[in-house]
Amino acid sequence: MLMLWILLSNWPLADMGLTTRIPNNEQDDSPNAALLFFGPMITASAVLWWIANRPLARRTQLTAPRYWLLSLTCALIPTVVAITVWP
């Protein structure tokens, strides 16, 4: 999730003026190159997260929507902390 935040904060959110880009020496960076590298990694992580949580969702007493919301929230907490603490 942190890689997704880095991608979003450097290109679309920076273009809208909501964040600033990470300064670097190369000005010809493109989001396509980053997505080509990080895209499969982010997709694989999301699929593995979903596969790992399916058996747990069946065994819990929570309703399906409540379980998935709780699970997604717990997965996003470390990302939010990392974004907040990031210098």
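As the structure is a computational prediction, the values presented were derived from the model and not from experiment.

Chemist: I tried to follow the overall build of the protein chain on my own but got confused; where do I start?
Modeler: Along the protein chain, the regular secondary structure elements total 4 helices and 0 strands. The order of helices and strands in the protein chain, counted from the N terminus, is α-α-α-α. Counting across all 87 residues of the protein chain, residues that qualify as buried make up 14%. Taking as baseline every contact in the protein chain between residues at least 6 positions apart, the subset at least 24 positions apart corresponds to 35%. Of the accessible surface of the protein chain, which amounts to about 6900 Å², a share of 70% is contributed by carbon and sulfur atoms.

Chemist: Any chance you could explain the confidence of the model for the protein chain here in plain terms?
Modeler: Per-residue pLDDT for the protein chain averages 82, and the proportion of residues at 70 or more is 86%. The element-level mean pLDDT for the protein chain is lowest in helix H1 (residues 2–10), coming to 74, with helix H4 (residues 64–85) highest at 90.

Chemist: Sorry, what's going on with H4 here?
Modeler: Since the α-helix advances by 3.6 residues per turn, residues separated by three or four positions end up pointing in the same direction. Its 22 residues give H4 an end-to-end C-alpha distance of 32 Å, which sits within 8% of 32 Å, the value for a rise of 1.5 Å per residue. The sharpest bend along H4 reaches about 30° and sits at Leu76, with the proline Pro78 one to four residues further on. Taken residue by residue, H4 has Tyr67, Ser71 and Thr79 as its buried positions.

Chemist: Just to check I follow, could you spell out the side chain of Ser71 for this structure?
Modeler: One can find Ser71 in helix H4. Look past the residues within four positions of Ser71 in its chain and what remains in contact with it is Trp49 and Asn53.

Chemist: Looking at this structure, how should I read a nonpolar patch on the surface?
Modeler: On the surface, Val47, Leu48, Trp50 and Ile51 cluster together into a nonpolar patch covering about 400 Å² of accessible area. Among the structural elements, Val47 can be located in helix H3 (residues 31–59).

Chemist: Hey, could you run me through the environment of Leu35 in this one?
Modeler: If you trace the backbone, Leu35 turns up in helix H3. With relative accessibility at 46%, the residue Leu35 sits in the partly exposed group. Along the sequence, Leu35 and Leu4 sit 31 residues apart, while their C-alpha atoms lie 9.2 Å from each other.

Chemist: How do you make sense of the packing of aromatic side chains when you look at a structure like this?
Modeler: In this description, an aromatic ring pair is defined by two values, namely the gap between the centres and the angle between the planes. Throughout the structure, instances matching the rule amount to 3 aromatic pairs. Between Phe37 and Phe38 the ring centres are 4.9 Å apart and the planes differ by 75°, which places this aromatic pair in the edge-to-face class. Pairing Tyr67 with Trp68 gives two aromatic rings, centres 5.4 Å apart and planes at 80°, and the pair type is edge-to-face. When its relative accessible area of 10% is taken as the criterion, Tyr67 is described as buried. Grouping aromatic residues by their ring pairs yields a cluster made of Trp49, Tyr67 and Trp68.

Rules of the game
Residues numbered from 1 in each chain as written. Predicted model: local features only at pLDDT ≥ 70, side-chain atom pairs only at ≥ 80, totals over all residues. Heavy atoms only, no water. Helix = DSSP H or I, 4+ residues; strand = E, 2+ residues; numbered from the N terminus. Buried < 20%, exposed > 50% of the residue type's maximum accessible area, 1.4 Å probe, protein only. Contact = heavy atoms within 4.5 Å. Areas by Shrake-Rupley, 256 points an atom, 1.4 Å probe, with all protein chains shown as cover. pLDDT = per-residue confidence, 0-100. Expected span 1.5 Å × (residues − 1). Bend = angle between axes of the 7 residues up to and from the residue. Patch = residues over 30% accessible without salt bridge, like charges linked within 9 Å, V, L, I, M, F, W, Y side chains within 5 Å. Salt bridge = Lys/Arg side-chain N within 4 Å of Asp/Glu carboxyl O. Phe/Tyr/Trp six-rings, centres within 6.5 Å; stacked < 30°, edge-to-face > 60°.

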